[in-house]
Amino acid sequence: MSTAMRSALAAGLVLACSAGLFAQEEQRDWKIFGEKVYTATGDVIENGTVAVAGGKIRGVTGGTRGGDGKNSLRAAAVTPGMVDLSVRVGAGTDSVEQSREVAPDMRTAESVDVFDVDWDVQARSGVTTALVCAPDFDVIGGLGVVVKTAGPSGVRARTVKADAVLRGAIGSQPSFRNHPAFGRPDDFFSRRPTTRMGVEWELRKAFYDAAAARGSDERAFPGSDELRSVLEGTRPLMLQTWTTQDIRTAIFFKEEMESEGLGHPRLILDAAAEAWKEPDLLARSGAAVVLPPYPLDGRTSDNSFMTLDSAKLVHDLGLPLALSAHGSGDPAARLDRQAGFAMRGGLSFEAALQAVTIAPARMVGVDDRVGSIEAGKDADLVLWSGTPFETSSRVIGVVIDGRLVLDPRPTE
Amino acid sequence: MTTQLTNRAVARTLQVTLLATALLAPAALADGKLAIKAGTVITEAGAEPIENGVIVIENGRITAVGADAKVPWDAKVIDAPEMTAFPGFVEAYSPRGMDRPNENIDVAPFLDVRDSIDPVNFYFEDSLRWGVTTINVQQGPDCVIGGQGRVVKPYGMTVEAMTVENNAGIVLSASPKRGNSNATQAQALRKAFTELRQALEELVQEQRDGDDRARREALYQGRDLEGEKAKGRAMTGAGWTVEGLDLVPRGEVDEKLEPLLALVEGDVPAFFYCGEPMNVHQALEIARENGFLARTTLVLDASCWKAADVIAEAGVPVVLSSELVDRERDPITGEEIETFVPGVFAEKGVPFALSSTNASTQSLWYQAAMAVGLGLTREQAIQAVTSTPASFLGLGKRVGSLEVGKEGNVVLFSGDPLSVTSFVERVVIDGEDAYDRSTDVRVKQLLEGTQPPGTAAAAELDEKGHVHDDGEVDTKDEKVDKGEEQSDDDKGSGDDDEGGEDQ
Amino acid sequence: MISTTKMLTTGVLAAVLAAPAYPAPASDGGADTYAVRAARMLLADGREVEDAVLLVEGGKIRAAGRGVDVPAGVPVLEHDGVLTAGMIACHGYSGTRGETGDDTRSVLAEARIANALDLGHSDFANALAAGITTLVITPAPDNLAPGSTAVVKTAGGTILSSAAHLSLSFTDDALRANRYPTSYGGALAELDARLADPSGAFAEAVAGRLPVLFEVSSRDETQRAAEFATRHGLGGALHGARRAGEVLSAVQQSGLGVIVGPFDPGTPGRQLDSVVALGGARVPLAFGLDAPQEDGDALRLSAAMCVRDGLDPALAWQGLTSGGADIAGVGRRVGRLEAGLDADFVLWSGPPLDLTSSVVEVYVDGARVFGGVR
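Q: Can you help me understand the overall build of chain A in this one?
A: Within chain A one finds eleven helices and 17 strands. Rg of the C-alpha trace for chain A: 22 Å, near the compact-globule value of 22 Å for 412 residues, within the 12% margin. Referenced to the eigenvectors of the C-alpha coordinate spread, the extents of chain A come out at roughly 70 × 40 × 40 Å. Burial status across chain A gives 66% buried among its 412 residues. Considering only intrachain contacts with a sequence separation of at least 6, the fraction spanning at least 24 residues in chain A is 68%.

Here is the structure:
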């Protein structure tokens, strides 16, 4: 049994590890049978077959039996491909323009590396769509891009939505490299902000300046358009906010924009580890929340503390909730494990499923294409060996745009 | 970036509080009676779960198990209709729970883990929390020959109170100790036994010559020379023997060498650590030559699956590492081959036990569950964390399943033991209430964030179970925060287009 | 070899005894007319011609091929081996003594590496001895726009072009942590701005008068550069793309050539596969060197390794000669055995892509500058 296991693993991996080069037969039509098909719409279809053609889902039929043709796949369970909004893969220090702290015009679509081997790991673990943003060394780092984790070799071919969010960060990360002008100011890091207050100041200033530039060519600056799109609510603002004070700052900032009549930003709070500490404020803000990976002992980045029941709490507040895994290849920390932990903390299965599929898709406006198993959507599917998110279950098959990225079939 | 305020003493208070609470909880006394009624009872791997089963424990032993077991009128009852009762997990080999896993000395069979087990070490507390009830504490593999181990339960304020079985085996390592090469390690192993043999032969010769040096030394060191120790005994060893050892009272054998003699005579189990496949051959050879192959259990690193045939042929059982999948990357093609290690041994019919990664989120339940996902049957996986390790430790009749006559070690789960959503609710050891989640302040904090008054927030712990003293929290993200140039976010690592391993 | 000597001796004797004086040794320069008859002549398109003749006059090729009429009185050198055009390495840092970069700014488009050359450097003699007669010298890719490349001959000190390409670096070496830009996005924004309102070298590039050398390394950089070239209608070549064959459509669409190598026995197969894929797709290829070379044979070795991996030998040879010359922008001067081009050619003991062959003699501008005793 284990030899077959070994071969299957090897075969599946060889298939995927040829980084973007696919097997000769570009099979894109499938009949995928799952004893349980979890559509992420609230429906669970027993003994369902998902029909895939031309890279799209044609439909799901219940009460079927799996076939064994050349284009048949089967598994104990089928779910939509997972979506990770904080994947932190494919964009390193080369993607963040550190010569200034506010760079809203920088497009991560221009610097994302779709050949990074970490994408293979993501795809094989069932994450099929990901939002890539620049690392948070800037206060405002630029425009994030939503991509598929596998597919033809090229950014354009893999892009689901470019410039989907404007990314910013509150907290200690944007300021850590800057230093006051003591001694020799020999690099451009001799600048503000050097503190959390400074970071917040830069954030607010950027938006005030952008608002002031409305209709005025003289006062326009690179990125003022992008900043205004946030004020107008046409593009969400995604802020990294690990700690309570960062979450509060972000929400107060949003309320300030509103009360000053500058606009109505739509907030996505990323890595909101201490969301559990501010239920009332969060509920009032209506912000979407993306939770970071669960830490072993509660304590995590920026000295924040994250409880196991954070997901349940955010969900019960009625807020859009997404989970994320920060690109971890560690089998203990992948996105499906995060869903398991969320359930351990009290989140229901359906809510956990949605938190890694349709909810993040909706947050960044790609739910017309991905996030659930519905006719017309992209054929991004994950096949499981058992109940999804259980420790004793494994991702055994992955389909992206109808292409088989991880083959669940045992090799002969 | 901000310095974390840690309060080591307070964190310790937290741990002590837990144990103290456990002790004070209304518990069945060791000589009392306890009946556990659970909605589901899983007695052992592969057994049909019993609905609404009852487990009766008297004087620390299970006296009845079944749906119709009679509850004695004077028994304390734990009524848990929503829970699943399960045998406690058994950790087959663990160098944790001590201040340091090894000494600097190469050959130190005279050491005993009793002297370094720390009953309040966080490892024991967390083991209990995740349903591990029997732990084989042994020295680590950074040695040539290590000291004597002890099987303990993670419950008790002294080592004696924790002890299930002492003299539970000696650790040997075929894998080089720090500073050694494979060659020097192998030679050191051989030399240890050669020196034992020489010393014994010298002892016999001295006896024959009428030299009482050995006796005087024994008296001077205060060794026991009465009873069994006063007698000489012919050496029984399948590997080699020393003629005339029956002339020498056992008490006169140097106490530094005596444990090795016991090993060679097949009186104590041996846990032989192998880091690489080549170490397996070395280990089996040493064990065979010196007569303790029949008592040997190999402790293996992941890559040792390659020596599975040799192990199967030798008929020795194995303890597997927590790395369930061995990954190898072809340096030329970049292709990755993954091998599911327990699957290899299952196929070859080699008995194997699993090990936990850490006492916390990746304890034995996790290893068993992951193994199921990777290809073991549920029965095989559960066996590997209960009855199989129990048999390796010679405790097959005492722990590892819920059967009449066995020790009253029962874990109550809120759901299926291998499910990520299940919590350990209660743990009973030897019929005593050892753990109750409702009073576990740490779980409450991790789950809900509630902080007991007068304590600091839970601190980050290092792998020894100690609070980080430097106040810095070292998570992966923190490394990015510090902007280290070679962080994983950097395209530099992993992308085979960069310098690195492939271009 | 032995037969050549024998024939030469005979020829010399015959010449001495009979006809007008044989052309003076190399140092005399190429003012004379002479012909070389070679057992085989390897043309730029990979075709081999047996018993072919090369007619040289005034340092230029007058005629080349089979059945060339040698006027009476013109001395004929016999070569019992292969005669080819001199090879060209399309990338390298020879003779620059490390002066290939400037840390102060990221855009130095007007700088010219030609100003940093020491043409007497031994690097050139080493290259010459390996059969390389033309070298493209390139600035290091540590700036976004480090300057222009130069094309030089390895003997005689001729600079064929002091501004052959505008070099643009799309590698992360150009993105420094303490200088704008630090990101690919910033680099693209800067270049877009410079090309939108171009002056100097940028203007020349936009007008199509100055090809661009795109320095890349990884696949995403290759793709980025190719798409940039397409977007702005720039011509030229990519260098440093170790796996360009895997992003073929972007490369093809850009129309850029690709400079590959150097390769050695430790090169992973994937890089060679990439070259074969490029060749199969008819992407113009050339070969380059990296550091100043002690062993100029690295160029030949690179090509031979690609051929062994499956590259059409004709394409490999083209890359070493005519194709390389075209990519270097000096295809009207060197790289082919054709009338009117410079008489830069090499006499080999056997086929140049056979690594057991060696260089016997090298001629630049008609003068023998390496090897042989006649």
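Q: How do you make sense of the overall build of chain C when you look at a structure like this?
A: Within chain C one finds ten helices and 17 strands. Taking 2.2 N^0.38 as the reference for a compact globule, 374 residues should give roughly 21 Å; the C-alpha atoms of chain C span a radius of gyration of 21 Å, in line with that estimate. Looking at chain C as a whole, 56% of its 374 residues are labelled buried. A fraction of 66% describes how many contacts in chain C between residues 6 or more apart in sequence connect residues 24 or more apart. Summed over all atoms, the accessible surface of chain C reaches about 14,100 Å², with 51% contributed by carbon and sulfur. Computed over 29 positive and 43 negative side-chain charges, the separation of the two mean positions in chain C equals 2 Å.

Q: So what exactly am I meant to see when it comes to the nonpolar core here?
A: Soluble, globular proteins show a tendency: their nonpolar side chains are buried together. Within the largest apolar cluster, 172 residues are counted, with the highest numbers of intra-cluster contacts made by A:F207, B:L298, B:L300 and B:F345. Residues contacting B:F345, with those up to four places away along its chain left out, are B:L300, B:C304, B:W305, B:A308, B:I311, B:V318, B:L320, B:V350 and B:F352. Counting residues in each nonpolar core, the second largest holds 84 residues, with A:V87, C:A89, C:A150 and C:A225 among its members.

Q: It is not clear to me how the interface of chain A and chain C should be interpreted in this structure. Could you clarify?
A: Accessible area lost during the coming together of the parts is what is often quoted as the interface size. Contact residues are listed per partner, giving 22 residues for chain A and 21 residues for chain C. For the pairing of chain A and chain C, the buried interface totals around 1,800 Å² over both sides, and the portion due to carbon and sulfur atoms is 49%. Of all residues in chain A, the largest losses of buried area upon contact with chain C belong to A:D94, A:E110 and A:F115, amounting jointly to 34% of the total for that side. Residues C:E227 and A:R156 are paired through a salt bridge, measuring 2.8 Å at the closest nitrogen-oxygen approach.

Q: Please clarify how the packing of aromatic side chains should be interpreted in this entry.
A: Within a pair of aromatic rings, the relevant descriptors are the distance that separates the centres and the angle that separates the planes. All names here are of chain A. This structure, assessed with the given rule, holds 20 aromatic pairs over all chains. Between F349 and F389, the aromatic rings sit 5.6 Å apart at their centres with planes inclined by 40°, giving tilted as the arrangement. Remark: F389 occurs in the loop between β15 (381-384) and β16 (395-400) and F349 occurs in helix α10 (residues 349-355); sequence separation between them is 40 residues. The rings of Y38, F349, W384 and F389 are connected pair by pair, giving a single aromatic cluster.

Q: Please explain unusual backbone geometry as it appears in this structure.
A: In this chain, C:Y180 is followed by C:P181 through a cis amide linkage whose omega measures -10°. Note that C:P181 resides in the loop between β10 (166-169) and α3 (184-196). Residue C:G261 is joined to C:P262 through a cis peptide bond whose omega torsion reads 0°. Here C:P262 is to be found in the loop between β13 (257-260) and α7 (269-280). Phi at A:N303 takes a positive value of approximately 65°, unusual for a residue other than glycine. Considering the arrangement of structural elements, one finds A:N303 in the loop between β12 (299-300) and β13 (304-305). One non-glycine residue, A:F389, adopts positive backbone phi at about 80°. According to the relative accessible area criterion, A:F389 is buried, its value standing at 2%.

Q: Explain the sheet that holds strand β15 (residues 345-348) of chain C to me, please; I cannot follow it from the model alone.
A: Residue and element names in this part refer to chain C. The strand order across the open sheet formed by seven strands is β3-β2-β1-β4-β15-β16-β17, and the pairing between neighbours is mixed. At either margin of the open sheet sits one strand with a lone partner, and together these are β3 (60-65) and β17 (367-370). Strand after strand, the sheet turns through a mean of 40° between neighbouring axes, direction not considered. Judged from the seven bridges that link them, strand β1 (residues 33-42) and strand β4 (residues 76-85) form a sheet pairing that is parallel. Considered in β4, the bridge of L42 is made with T84.

Q: Please explain the pairing of strand β18 (residues 424-429) of chain B as it appears in this structure.
A: Remark: a regular strand shows side chains that alternate across the two faces of the sheet. Residues and elements named next belong to chain B. Most of β18 sits out of view: six of its six residues are buried. Alignment of strand β17 (residues 410-413) against β18, held across four bridges, turns out to be antiparallel. Within β18, the residue paired with V410 across the bridge is V428. As paired strands, β18 and strand β19 (residues 432-436) are joined by four bridges and run antiparallel to one another. Its bridge partner being in β19, R426 is matched across the sheet by D436. Following β18, the chain reverses through two residues before pairing antiparallel with β19; D430 in that reversal takes a positive phi of roughly 50°.

Q: Looking at this model, I keep getting lost on the packing of α3(C) against helix α5 (residues 219-232) of chain C. Mind explaining?
A: A pair of packed helices is captured by two measures, namely the crossing angle of their axes and the spacing between those axes. Residues and elements named next belong to chain C. One way to put it is that α3 packs onto α5 with a least axis distance of 12 Å and a crossing angle of 20°. In terms of their interaxial angle, α3 and α5 are classed as roughly parallel. Between α3 and α5 the crossing geometry is right-handed. Across the interface between the two elements, Y184, L188, L191, D192 and L195 of α3 pack against D220, E221, R224, F228, R231 and H232 of α5. Its residues assigned to classes, the contact of α3 with α5 shows five nonpolar, one polar and five charged.

Q: Looking at this structure, I do not really get the environment of C:T230. What am I missing?
A: Structurally, C:T230 is set in helix α5. Considered as a pair, C:T230 and C:P268 are 38 residues apart in the sequence and their alpha carbons are 29 Å apart.

Q: Which parts of the structure should I look at to understand the pattern of salt bridges?
A: Two side chains with opposite charge may pair up if their charged atoms get near one another. Scanning the model with the defined rule gives 81 salt bridges over all chains in all. Here B:E265 and B:R250 are joined by a salt bridge, their closest N and O atoms 2.9 Å apart. Of the two residues, B:E265 sits in the loop between α6 (258-264) and β11 (270-274) while B:R250 sits in the loop between α5 (213-220) and α6, which places them 15 residues apart along the sequence. The residues B:E265 and B:R250 share a single accessibility class, namely buried. Among the salt bridges present, the one from C:D342 reaches C:K153, with a minimum N-O distance of 2.5 Å. One end of the pair, C:D342, is in the loop between α10 (322-328) and β15; the other, C:K153, is in strand β8 (residues 150-153), with 189 residues separating them in the sequence. Accessibility assignment for this pair places C:D342 and C:K153 in one class, buried. If you follow the salt bridges from partner to partner, you end up with A:K56, A:K148, A:R369, A:D378, A:D380 and A:D401 in one network.

Q: I would appreciate a short explanation of α7(C) in the present structure.
A: Since one α-helical turn is 3.6 residues long, residues separated by three or four positions face the same way. All names here are of chain C. The end-to-end C-alpha distance of α7 is 16 Å, a good match for the 16 Å that twelve residues give at a rise of 1.5 Å each. Among all positions in α7, only R270, Q271, L272, S274, V275, V276, L278 and G279 are buried. Of the surrounding elements, those touching the buried residues of α7 are α6 (248-254), β13, β14 (285-287), α8 (297-309) and α9 (313-320). One or two steps after α7, the chain reaches R282, where phi turns positive at roughly 60°.

Q: Just to check I follow, could you spell out helix α2 (residues 122-129) of chain B for this structure?
A: Residues and elements named next belong to chain B. In terms of residue burial, α2 counts as a mostly covered element, since eight of its eight residues are buried. A distance of 2.8 Å separates the backbone nitrogen of Y123 from a side-chain oxygen at the start of α2, and that oxygen is part of N121. Note on α2: the residue one or two positions beyond its end, G131, has a positive phi of about 85°.

Q: Sorry if this is basic, but what is going on with the pairing of strand β5 (residues 89-94) of chain B here?
A: Residue and element names in this part refer to chain B. Of all the six residues making up β5, six are buried; the element is thus mostly covered by neighbouring parts of the structure. Note: β5 against strand β6 (residues 132-137), four bridges, orientation parallel. Pairing of V90 across the sheet is with T134, part of β6. Viewed along the sheet, the connection from β5 through α2 into β6 turns out right-handed.

Q: Where do I start with the confidence of the model for chain C in this structure?
A: Detailed reading of the predicted coordinates is not advisable wherever pLDDT is low. Residues and elements named next belong to chain C. Looking at chain C as a whole, the pLDDT averages 89, with 90% of positions reaching at least 70. Counting interchain partners and residues more than four positions distant, the pLDDT-below-50 stretch residues 14-30 has 17 contacts. Across the assembled chains, the prediction reports ipTM 0.87 with pTM 0.86.

Q: Just checking my understanding: could you explain the domain arrangement of chain A for this structure?
A: Residue and element names in this part refer to chain A. Examined at the domain level, chain A breaks down into domain 1 (11-80 + 389-406) and domain 2 (82-370). Contacts between the two partners involve 24 residues from domain 1 and, on the opposite side, 27 residues from domain 2. Of the roughly 2,100 Å² buried where domain 1 meets domain 2, counting both sides, 63% is carbon and sulfur surface. Three residues stand out in domain 1 for area buried against domain 2, namely A40, F389 and I400, and they jointly supply 34% of the buried area on that side. In this structure, the connection of domain 1 to domain 2 is made through one salt bridge. Measuring nitrogen to oxygen at the nearest pair gives 2.7 Å for the salt bridge that ties K148 to D401. At the junction of domain 1 and domain 2, the tally comes to four residue pairs in polar contact (both at pLDDT 80 or more). Contributing elements (two or more residues each) for the side of domain 1 that touches domain 2: α1 (2-17), β4 (72-80), β16 and β17 (403-406).

The rules we used
- Residues numbered from 1 in each chain as written.
- Chains lettered and ligands numbered in written order.
- Predicted model: local features only at pLDDT ≥ 70, side-chain atom pairs only at ≥ 80, totals over all residues.
- Heavy atoms only, no water.
- Helix = DSSP H or I, 4+ residues; strand = E, 2+ residues; numbered from the N terminus.
- Rg over C-alpha atoms; globule rule 2.2 N^0.38 Å.
- Buried < 20%, exposed > 50% of the residue type's maximum accessible area, 1.4 Å probe, protein only.
- Contact = heavy atoms within 4.5 Å.
- Areas by Shrake-Rupley, 256 points an atom, 1.4 Å probe, with all protein chains shown as cover.
- Lys, Arg positive; Asp, Glu negative; His and termini not counted.
- Charge placed at Lys NZ, Arg CZ, Asp CG, Glu CD.
- Core = buried A, V, L, I, M, F, W, Y, C linked by side-chain atoms within 4.5 Å.
- Buried area = accessible area lost by both parts, 1.4 Å probe.
- Salt bridge = Lys/Arg side-chain N within 4 Å of Asp/Glu carboxyl O.
- Phe/Tyr/Trp six-rings, centres within 6.5 Å; stacked < 30°, edge-to-face > 60°.
- Pairing = 2+ DSSP bridges.
- Axes fitted to C-alpha atoms, helices over the stretch in contact; angles between N-to-C directions.
- Parallel < 35°, antiparallel > 145°, perpendicular 65-115°, else oblique.
- Left-handed = near helix turned anticlockwise from the far one by under 90°.
- Nonpolar A, V, L, I, M, F, W, Y, C, P; charged D, E, K, R; others polar.
- Expected span 1.5 Å × (residues − 1).
- Polar contact = N/O pair within 3.5 Å; in protein donor to acceptor, adjacent residues only side chain to side chain.
- Right-handed = clockwise from strand over helix to strand, strands pointing away.
- pLDDT = per-residue confidence, 0-100.
- Domains from an automatic or database assignment.

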